2 protein chains.
Amino acid sequence: MSMKIEDSEVDIVIAALCPNLTSFLEEWQPFFSRFHLIIVKDPDLEDDLQIPAGFDHQVYSKSDMERALSGSSINFSGHSCHYFGYLISRKKYIISIDDDCHPARDNSGALVDPVAQHITNLQTPATPFFFNTLYDPFCQGADFVRGYPFSLRNGVDCILSCGLWLNLADYDAPTQIVKPNERNTRYVDAVMTVPIRAMMPMSGINIGFNREVLGPALVPGLRLVGEGKRRWETVEDIWSGMCAKVVCDHLGCGVKSGLPYVWRKDVDAGNAMESLKKEWEGVKLMEEIVPFFQSVRLPASAITAEDCVVAIAGMVREKLGTLNPVYVQAANAMEAWVKLWKAVGSSKV
Amino acid sequence: MSMKIEDSEVDIVIAALCPNLTSFLEEWQPFFSRFHLIIVKDPDLEDDLQIPAGFDHQVYSKSDMERALSGSSINFSGHSCHYFGYLISRKKYIISIDDDCHPARDNSGALVDPVAQHITNLQTPATPFFFNTLYDPFCQGADFVRGYPFSLRNGVDCILSCGLWLNLADYDAPTQIVKPNERNTRYVDAVMTVPIRAMMPMSGINIGFNREVLGPALVPGLRLVGEGKRRWETVEDIWSGMCAKVVCDHLGCGVKSGLPYVWRKDVDAGNAMESLKKEWEGVKLMEEIVPFFQSVRLPASAITAEDCVVAIAGMVREKLGTLNPVYVQAANAMEAWVKLWKAVGSSKV
């Protein structure tokens, strides 16, 4: 099952929400320099980007988006500009890390290479059908625990790798206000497959995925009315993560969560209160979104991620559309996204 | 949701498969001495037990089993003698640790108190309905990640805590033969809820549970024809773990896996080859057992663990009984066990 992923098959996508990427890229140089970087500039950002020398990269900005969109109404502002990188890439794999992240250190103090770990996660199988108590059986020094059926030990292709973060935990605005000084210091040395039918809150901070198989399921679908530029002011990644999980389950592929970690910079805590107004909307929507995605069952006729996303969009409109207009917009965006994905994919870029 | 568990509500159950418990108990003294110990002697063991002074304990042996059984055909030999301790206890909680285990050390070199950790796991809620990417949200310094629905944050009662083990990984005999020198050295500092409907291979080496709610689901059901005295020669704990998981899911309670670790002693690797003949039977049966337990749906009329175990026994007889006589015996044992549990529970011991 496990196959070797070549460096040339990977694009690293970086969304530039701030203009100066110098210290960010210099810090990541040891891990990023072997790869092609797709740097996507937030379309709301006016200033020119500052990018240090020595990186094989391409910058995409508002004019590229407008050209590619040709009338489609996808909104790439803020963190959603990541998705433009996923769209425009021609590689089999994407690794995406937020521009407020630094390299993390493991329990022994060594710097963590998140690119290598995402690649490991994606090139070894996932095991969604039965839980292995000693975590990823494909890690060095690990295996399947007694009682694990041999027929399930081949596993399935892992097509989504969700990494974690130290320091600033990815809490929502209310939790951030209640615990302004809480920092995540627990480095958990494990990778695990998220079991089939279990839904999880994927964060877009630090992920890797098989673009060829799963790409269109990473979709800029749900945009909050008052969405801001901070992670805790958005739920677009949570939405697209559940969409991706449902698609993986349906296609018989797997999702891993755990290593690699990145280290997230502190932010001004005072902003959380302001953000609460914006994200309160997202917090309320989750009460409808989670049961919805838990109930999604896709038709056997859906055999690609594109098919699945279109089918989910139809269910969103039907089951959630009457509750809130943001869901109708999400359904529209998902359908527009699949069209765009197909159009860009068939064009010569 | 979280409630304080008192020391007086806990029994520690130790199955004595070897007569000399001196070094075992002396090593565990710092963690065990506050609790009442139920020591159950393997009925096949001839020699007298050696137990050091200073422990509040009670020993149960073959004659106690015969008296309690009064004609019932439950077989308590080997590791199954643990179950006699679960039956005879009058406490709300049980913690059970194999007699080939030593205290483990965490990543900082500190000795791990598995009793305290099992108690923590059992007195804080489980969250089976949605996966929290930063592991147990009730651990110190942790919380629910952005996107986790607030309506699910109260969680449910955790009634089963499955601990792990360092050094000798709990592999089956074939894996043990293939990797005779592999040792588990990875201390993963995490506890997590096993999601609803996900089945896992519970090992009986190191567990804690709420006896009052879940007790009868920890059942000595499946006994292999050639069952031996080593863990890798048995699947009784795997069977009872899946039974317990199905019951927890049905009763709306949770199962945690992860911390605490214990350190398992090496064994003579040469024995694995001999054991392979015995456990090959178990390995083959897992291919039938896992899909069976994944398919079990219990009727709403089953409102206690007793009800659930009787219902599962009926399904075992119906769906698995024709495949292999061991399943018919398992169904019979499960029904006999529930009767015995009720009889012992209502008697004045």
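Keep in mind it's a predicted model, so treat the numbers as computed, not measured.

Rules used throughout
- Residues numbered from 1 in each chain as written.
- Chains lettered and ligands numbered in written order.
- Predicted model: local features only at pLDDT ≥ 70, side-chain atom pairs only at ≥ 80, totals over all residues.
- Heavy atoms only, no water.
- Contact = heavy atoms within 4.5 Å.
- Buried area = accessible area lost by both parts, 1.4 Å probe.
- Salt bridge = Lys/Arg side-chain N within 4 Å of Asp/Glu carboxyl O.
- Polar contact = N/O pair within 3.5 Å; in protein donor to acceptor, adjacent residues only side chain to side chain.
- Helix = DSSP H or I, 4+ residues; strand = E, 2+ residues; numbered from the N terminus.
- Nonpolar A, V, L, I, M, F, W, Y, C, P; charged D, E, K, R; others polar.
- Least-squares fit on C-alpha atoms with pLDDT ≥ 70 in both.
- Core = buried A, V, L, I, M, F, W, Y, C linked by side-chain atoms within 4.5 Å.
- Buried < 20%, exposed > 50% of the residue type's maximum accessible area, 1.4 Å probe, protein only.
- Axes fitted to C-alpha atoms, helices over the stretch in contact; angles between N-to-C directions.
- Parallel < 35°, antiparallel > 145°, perpendicular 65-115°, else oblique.
- Left-handed = near helix turned anticlockwise from the far one by under 90°.

Undergrad: Give me the interface of chain A and chain B: which residues, what numbers.
TA: Size of an interface, as often reported, equals the accessible area lost when the parts are brought together. With 62 residues of chain A in contact, the opposing surface of chain B contributes 62 residues. The largest share of the area that chain A buries against chain B comes from Phe-131, Arg-146 and Arg-186 of chain A, three residues that together contribute 17% of it. Inspection of the region where chain A meets chain B yields ten salt bridges. Across the pair Asp-237 of chain A and Arg-146 of chain B runs a salt bridge, and its minimum N-O distance is 2.7 Å. The tally of links between chain A and chain B comes to 28 residue pairs in polar contact (both at pLDDT 80 or more). Taken together, the elements giving at least two residues each to the side of chain A that touches chain B come down to strand 6 (158–167), helix 5 (173–178), helix 7 (236–251), strand 9 (254–264) and helix 8 (271–295) of chain A. The element contributing the most residues to the side of chain A that touches chain B is helix 8 of chain A, with six residues. Here the side of chain A that touches chain B is composed, by residue class, of 35 nonpolar, 13 polar and 14 charged.

Undergrad: Account for the relation of the copies chain A and chain B, with residues named and values stated.
TA: With an RMSD of 0.0 Å, the operation that places chain A on chain B is a rotation of 180° combined with a shift of 0.0 Å along the axis. Taken together, the rotation and translation relating the two chain copies correspond to the operation of a two-fold axis. Measuring from the rotation axis to each C-alpha of chain A, the shortest distance belongs to Val-188 of chain A, at 2.9 Å. Looking at chain A, 100% of its interface residues are interface residues in chain B too, so the copies touch through the same face.

Undergrad: Please provide a residue-by-residue account of the nonpolar core, values included.
TA: Nonpolar side chains in soluble globular proteins tend to end up buried together. Grouped together as the largest cluster of nonpolar side chains are 245 residues, with contacts concentrated most on Phe-32, Phe-293 and Ile-312 of chain A together with Phe-32, Phe-293 and Ile-312 of chain B. Excluding residues that lie within four positions of it along the chain, Phe-293 of chain B makes contacts with Met-199, Trp-239, Met-242, Cys-243, Val-246 and Ile-312 of chain B.

Undergrad: Break down the pattern of salt bridges for me, citing the residues and quoting the values.
TA: This model, assessed by the stated rule, comprises 42 salt bridges over all chains. For the salt bridge of Asp-143 of chain A with Lys-179 of chain B, the shortest nitrogen-to-oxygen distance reads 2.6 Å. One end of the pair, Asp-143 of chain A, is in the loop between helix 4 (114–123) and strand 6; the other, Lys-179 of chain B, is in the loop between helix 5 (173–178) and strand 7 (191–193), on a second chain. With relative accessibility at 12%, the residue Asp-143 of chain A sits in the buried group. With relative accessibility at 24%, the residue Lys-179 of chain B sits in the partly exposed group. Three or more residues are tied together by salt bridges with common partners; here these are Asp-98, Asp-100, Asp-170, Arg-231, Glu-236, Asp-237 and Arg-264 of chain A together with Arg-146 of chain B.

Undergrad: Outline the packing of helix 7 of chain A against helix 9 (residues 305–320) of chain A, supporting the account with residue identities and numerical values.
TA: All names here are of chain A. Direction vectors running N to C along helix 7 and helix 9 enclose 120°, while the axes themselves pass 10 Å from each other. When the axis of helix 7 is compared with that of helix 9, the two are oblique. Crossing geometry of helix 7 relative to helix 9 is assigned as right-handed. Here Trp-239, Cys-243, Val-246, Val-247, His-250 and Leu-251 of helix 7 lie close against helix 9, whose contacting residues are Ala-305, Cys-308, Val-309, Ile-312, Val-316 and Leu-320. Residues that form the contact of helix 7 with helix 9 fall into these classes: eleven nonpolar, one polar and no charged.

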